[in-house]
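# Structural description and commentary
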Amino acid sequence: MVFGRSDRRIRTSVTPMALKLLVAGGFGVGKTTLVGAISEIKPLRTEELLTEAGRPVDDTSGVEAKTTTTVAMDFGRITLREDLVLYLFGTPGQDRFWFLWDELAQGALGAVVLADTRRLEDCFAAVDYFERRGIAFTLAVNCFDGAVRYPEEAVRDALDLDPQVPVIMCDARERESVKHVLVSVVEHALTTGITDRRTAAV
């Protein structure tokens, strides 16, 4: 005891900031895998088996080995720092579940648009969705085994992305690779928000 007080260190609790991010992209591009690779909790998944009845509406070309599909969302959580927690919401990839996107997008800081260079056109809709709604996003190319690796600028040109949109090559199975993508989304979203506020003030 010193001057009647305990000399034990006073611990101050930190209330972390919680940010919501979406993980979007085409059917079978690796959204569920990405969320599962990074989540520090057991991810919530809403996967169902693909059926013959769904074949006329689910395009499985290029992902013929896929047997399940997300019908609502994937959910995971990752603590990037003591004061920063990310909540990840993976969107369903098929057109018939797009009515869920507006609900999932509410309150989102930004998004990952996951792309597969073998089926690059499948991410057009997600890119258009976030551009139209002014939601900052990072384009993450999931480098599948055996897929041709294209340079960043070739992907950017093919998708006609704005110069400020980050394009990152990643492996959705690898935790550190996914973490790099998420950090990019947060930084880009915060930078975009600051720029927008400054522009509005002029």
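Refer to the structure above for everything that follows.
Position labels on residues start from 1 in each chain and follow its written sequence. A pLDDT threshold of at least 70 governs which residues receive local features in this predicted model, and a stricter bar of 80 or more applies before side-chain atom pairs are shown or counted, although totals over entire chains, interfaces and linings include all residues. Values shown for side chains rest on all heavy atoms present in the structure; no hydrogens or waters enter the calculation.

## With respect to the overall build of the protein chain
Numbering of helices and strands runs from the N terminus; a helix is a DSSP stretch of H or I covering at least four residues, while a strand is a stretch of E covering at least two. Scanning the protein chain for helices and strands turns up five helices and eight strands. Going residue by residue from the N terminus, the α and β elements of the protein chain occur as β-α-β-β-β-β-α-β-α-β-α-β-α. By residue count, 46% of the 202 residues in the protein chain fall in the buried class. What makes two residues a contact is simply this: any of their non-hydrogen atoms within 4.5 Å. Once local pairs closer than 6 in sequence are excluded, the contacts in the protein chain between residues at least 24 apart make up 71%. To be clear on the numbers: accessible area is Shrake-Rupley with a 1.4 Å probe, and residue cover counts the displayed protein chains and nothing else. Accessible area of the protein chain: about 11800 Å², with a carbon and sulfur share of 52%. Buried means the residue's accessible area, taken with a 1.4 Å probe over protein chains only, is under 20% of the maximum for its type, while exposed means over 50%, and partly exposed covers the values in between.

## Quick word on the nonpolar core
Residues grouped as a nonpolar core are buried Ala, Val, Leu, Ile, Met, Phe, Trp, Tyr and Cys residues, joined through side-chain atoms within 4.5 Å. The biggest cluster of nonpolar side chains holds 26 residues, and the ones touching the most others in it are Leu 22, Val 113, Phe 130, Phe 137, Leu 139 and Leu 161. Secondary-structure elements contributing two or more residues to this core are strand S1 (17–25), helix H2 (101–105), strand S6 (110–115), helix H3 (124–133), strand S7 (136–142) and helix H4 (152–159). If near-sequence neighbours (up to four positions away) are discounted, Val 113 is found in contact with Ala 24, Cys 123, Ala 126, Val 127, Phe 130, Phe 137, Thr 138, Leu 139 and Ala 140. Membership of the second largest hydrophobic core comes to 24 residues, among which are Leu 34, Ala 172, Val 185 and Val 186.

## What to know about the packing of aromatic side chains
For any pair of aromatic rings, the description rests on two quantities: the centre-to-centre distance and the angle between the ring planes. For Phe, Tyr and Trp, where Trp contributes only its six-membered ring, two rings pair if their centres lie within 6.5 Å, and the inter-plane angle classes them as stacked under 30 degrees, edge-to-face over 60, or tilted in between. Per the counting criterion, the structure on display carries six aromatic pairs. For the pair Phe 130 and Phe 137, a centre-to-centre distance of 6.3 Å together with 35° between the ring planes defines the contact as tilted. The exposure class of Phe 137 is buried, given its relative accessible area of 3%. Taken together, the aromatic side chains of Trp 101, Tyr 129, Phe 130 and Phe 137 make up a single cluster linked through ring pairs. Note on criteria: charge over ring means Lys NZ or Arg CZ within 6 Å of the ring centre, with the direction from the centre no more than 35 degrees off the ring normal. The residue whose ring lies beneath Lys 20 is Phe 89, and the NZ or CZ to ring-centre distance is 4.8 Å. The positively charged end of Arg 133 is found above the aromatic ring belonging to Tyr 129, 3.7 Å away from the centroid.

## As for the sheet that holds strand S5 (residues 84–90)
As summarised here, the arrangement of the six strands in space is S4-S5-S1-S6-S7-S8, forming an open sheet in which the pairing is mixed. One side of each edge strand has no neighbouring strand; the edge strands of this open sheet are strand S4 (74–81) and strand S8 (167–170). Going from strand to strand, the sheet's axes swing by 25° on average, the running direction of each strand aside. Strand pairing is assigned whenever DSSP detects at least two bridges linking the two strands. Sheet analysis places S1 next to S5, joined by seven bridges and oriented parallel. Fitting a line to C-alpha atoms yields each axis, with helices limited to the stretch in contact; the angle taken between N-to-C directions then spans 0 to 180 degrees.

## A word on the state of the cysteines
The criterion for a disulfide is a pair of cysteine sulfur atoms lying within 2.5 Å. Summed over all chains, the structure comprises zero disulfides. Cys 143 supplies the cysteine sulfur nearest to Cys 170, a cysteine that is in no disulfide, at a spacing of 6.5 Å.

## Structural notes on H4
Here H4 has its buried residues at Val 155, Arg 156 and Leu 159. Looking straight down H4, one finds its buried side chains confined to an arc of 100°; they lie on one side. The elements touched by buried residues of H4 are H3, S7 and S8. The directions considered for the arc run from the helix axis to the C-beta atoms.

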